[in-house]
There are 2 protein chains.
Amino acid sequence: MSDPRPIGVFDSGVGGLTVLREIIRRLPAESTIYVGDNARAPYGTRSDDEVRRFSAQALDALADRDVKAIVVACNTSTAVALRDLRARYALPVLGVVRPGAVTAALSTRNRRVGVIATPATVRSHAYFNAIKDENPAVEVYEHATPSLVPMVEAGRLAGPDVQQAVSDELAPLLGTRDAAGEFVFPLPASARIDTLLLGCTHYPLLQPVIASVVGDRVAIVDSATATASALAELLAVNALEAPGTTRGTAADPGRTGHDAPDEQDAEAVHVQHTTGDVARFRSIADRMFGTAFPDVTAIELEEEAA
Amino acid sequence: MSDPRPIGVFDSGVGGLTVLREIIRRLPAESTIYVGDNARAPYGTRSDDEVRRFSAQALDALADRDVKAIVVACNTSTAVALRDLRARYALPVLGVVRPGAVTAALSTRNRRVGVIATPATVRSHAYFNAIKDENPAVEVYEHATPSLVPMVEAGRLAGPDVQQAVSDELAPLLGTRDAAGEFVFPLPASARIDTLLLGCTHYPLLQPVIASVVGDRVAIVDSATATASALAELLAVNALEAPGTTRGTAADPGRTGHDAPDEQDAEAVHVQHTTGDVARFRSIADRMFGTAFPDVTAIELEEEAA
């Protein structure tokens, strides 16, 4: 059994493209439809009611396009609206918070996990709650890193100034820095985090810089990778995989590899829609990802039927 | 939206009870029906065709009892029959291999994962393939530990002789032991596993002993916990959670805790069926779990309709 229908991916803006990128990398046989509600982004400053309403409009648009599953690749929408959205559709709806949180909770050895996210996500405590739900014994240190999203959207992903900005933002989580600018760890080992969860969809683009700042002793878990992995399992479990899928079937001992990428790419179709300015979406996406997402078109979201 | 129907759990024998235990612990509002095909266990020595046929019969029995999702808590059946079983039912069917494999792949820091399992599971390379599917860069060291299942079923879960037996079985994965019986690590740190995956449903009962043998430097991932966690997410994503569920909804910032266990336990019903001798099933289960699973009754599995 297989299902060739596309996967819907929704974000308030461009950050969800990191999730989309992981989905395409992991599940090359799957087609995707992305909706970015850039005209009304960011959602972090919207009321809960607005977030619920806007999210439902975007998911209505995806459901109208006959998607087989939906990924809510927006932390704010996941934190505020996921429960309502799941009740609204007879489709599997995957959020972006729990997969990363579960991975972090299962990955930590010393039960100390740091979470970096936008101020709105930190205020929602969505990651804190999801990690505690998985394992109440894990200590969770949430920390807002507001300067990172604008930096990523400006295409500043590497270099000494980026390194410095990331160091500054992470310092409270990691320890302090000495006069030479090196991190020192006055904290006893037992008080240090050993796992850092990237709780914002923009942050995977800074992963190399973040990794060099936190060093080998801290494992980095990103929600984009964890969500793509959870989606792979979700499709397999619900018998929704696209024809030609070999991923996610490794438990079948007769199948060890992947189809040739050419063979799969020929079948998969990827389109991105934005409620905002197409040229602007494209230029931000180009700065962030190079030319990975060329097929951007406009979309209007309709008010949901009452 | 919620769904009060039970979750079906299938194993060839009693090992799947560790998965059942984790499901009950994690999802206290959910009812469960367990089928153990003890009359024809172990499946490890059966042909692939037999494993597929027996598994389909057991899942037919669960589907007839109107379960909302099925967990195949049997490594052999997952490795051999999962694909066919998923095609057979319009129900989510979760295997026991991939959740543990994904967790191990995401949890390792040095990309070296050890897997212990029965000889049949090791021969299937199900965990090897599933880990490689998640991350091809992870080195996977599979190792059969045949003496552990009989030990667990005899209720030998702790004590010096158990410690010794586990040490002996794990030695090839960990290094060698010196004259005093202490493990020494002639391997350079870069060649040591930092994550050990328990690839047999019996092994979580030996977790304390295994943890003391492998030491702090090796994280232990067990398939039972990982599968229960994946099931929680699966139910949430598919809007199949039982009424009263608070687990798996932590992304909703207004909900932080769990219902009182008493309140939930009152609603949930758990029954276990065996194709084998009821008294024998009960006595093995008692040795392994104390009196955790008292409601065992006989079941006959019918040949599937051709």
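Quick notes on the rules
- Numbering of residues begins from 1 in every chain and follows the order in which that chain's sequence is written.
- Key to labels: chains lettered from A, ligands numbered from 1, both in the order written.
- In view of the model being predicted, local features appear only for residues whose pLDDT reaches at least 70, and side-chain atom pairs are presented and counted only at 80 or more, with totals across whole chains, interfaces and linings using the full set of residues.
- Water and hydrogen atoms were dropped before computing side-chain values, which therefore reflect all heavy atoms in the structure.
- For helices the rule is a DSSP run of H or I covering at least 4 residues; for strands it is a run of E covering at least 2, with both sets numbered from the N terminus onward.
- Only protein chains enter the accessibility calculation, which uses a 1.4 Å probe. A residue is then buried if its area is under 20% of the maximum for its type, exposed if over 50%, and partly exposed in between.
- When DSSP locates at least two bridges between a pair of strands, those strands are taken to pair.
- Interaxial angle, 0 to 180 degrees, is taken between N-to-C directions of lines fitted to C-alpha atoms, where a helix line uses only the stretch in contact.
- Classification remark: right-handed applies to a crossover when, strands pointing away from the viewer, the course from the first strand over the helix to the second runs clockwise.
- Geometry of aromatic contacts follows a simple scheme: Phe, Tyr and Trp rings, the Trp one being its six-membered ring, pair when their centres are within 6.5 Å, and the pair is stacked under 30 degrees between planes, edge-to-face over 60, tilted otherwise.

### Some details on unusual backbone geometry
Moving on, step 1. Of the consecutive residues Ala 41 of chain A and Pro 42 of chain A, the connecting peptide bond is found in the cis state with omega at -5°.
Moving on, step 2. The topology assignment puts Pro 42 of chain A in the loop between β2 (32-36) and α2 (48-64).
Moving on, step 3. Backbone geometry places His 125 of chain A, a non-glycine residue, at a positive phi of 55°.
Moving on, step 4. Residue position: His 125 of chain A is located in the loop between α5 (119-124) and α6 (126-134).
Moving on, step 5. On the basis of relative accessibility, which here comes to 38%, the residue His 125 of chain A falls in the partly exposed class.
Moving on, step 6. Even without a glycine there, the phi angle at Asp 66 of chain B is positive, about 60°.
Moving on, step 7. Looking at the element boundaries, Asp 66 of chain B is found in the loop between α2 (48-64) and β3 (69-72).
Moving on, step 8. In this structure Asp 66 of chain B comes out as partly exposed when scored by relative accessible area, which is 42%.

### Description of the sheet that holds β3 of chain B
The strands making up a sheet associate through backbone hydrogen bonding, with each pair oriented either parallel or antiparallel.
Residue and element names in this part refer to chain B.
Moving on, step 1. Taken in spatial order, the six strands line up as β4-β3-β1-β2-β11-β12 in an open sheet, and their pairing is parallel. Whereas interior strands pair on both sides, the edge strands pair on one side only; in this sheet they are β4 (93-95) and β12 (296-298). Averaged over all pairs of adjacent strands, the angle between their axes in this sheet comes to 20°, without regard to strand direction.
Moving on, step 2. Of the pairings in the sheet, the one linking strand β11 (residues 270-274) to β12 comprises three bridges and is parallel in character. Bridge pairing in β12 places His 273 opposite Thr 297.

### Re the pairing of strand β1 (residues 7-11) of chain B
Residue and element names in this part refer to chain B.
Moving on, step 1. Taken across its five residues, β1 has five buried, putting it largely inside the fold.
Moving on, step 2. Because side chains alternate across β1, one face comprises the buried residues Ile 7, Val 9 and Asp 11, and the other comprises Gly 8 and Phe 10, equally buried.
Moving on, step 3. For β1 and strand β2 (residues 32-36), the ladder comprises five bridges, and the chain directions are parallel. For Gly 8, the partnering residue across the bridge sits in β2 and is Ile 33.
Moving on, step 4. With respect to chirality, the unit in which β1 leads through helix α1 (residues 17-26) into the neighbouring parallel β2 is right-handed.
Moving on, step 5. One ladder, built from four bridges, connects β1 with β3; its direction is parallel. Directly across from Phe 10, in β3, lies its bridge partner Val 72.

### A closer look at the packing of aromatic side chains
Moving on, step 1. What the rule picks out here adds up to eight aromatic pairs over all chains.
Moving on, step 2. Note on Phe 289 of chain B and Phe 293 of chain B: the rings are 5.2 Å apart at their centroids and 80° apart in plane angle, and the pair reads as edge-to-face.
Moving on, step 3. Exposure remark for Phe 289 of chain B: the relative accessible area of 12% places this residue in the buried category.
Moving on, step 4. Each residue in the set Phe 10, Tyr 43 and Phe 54 of chain A is aromatic and connected to the rest through ring pairs, giving one cluster.

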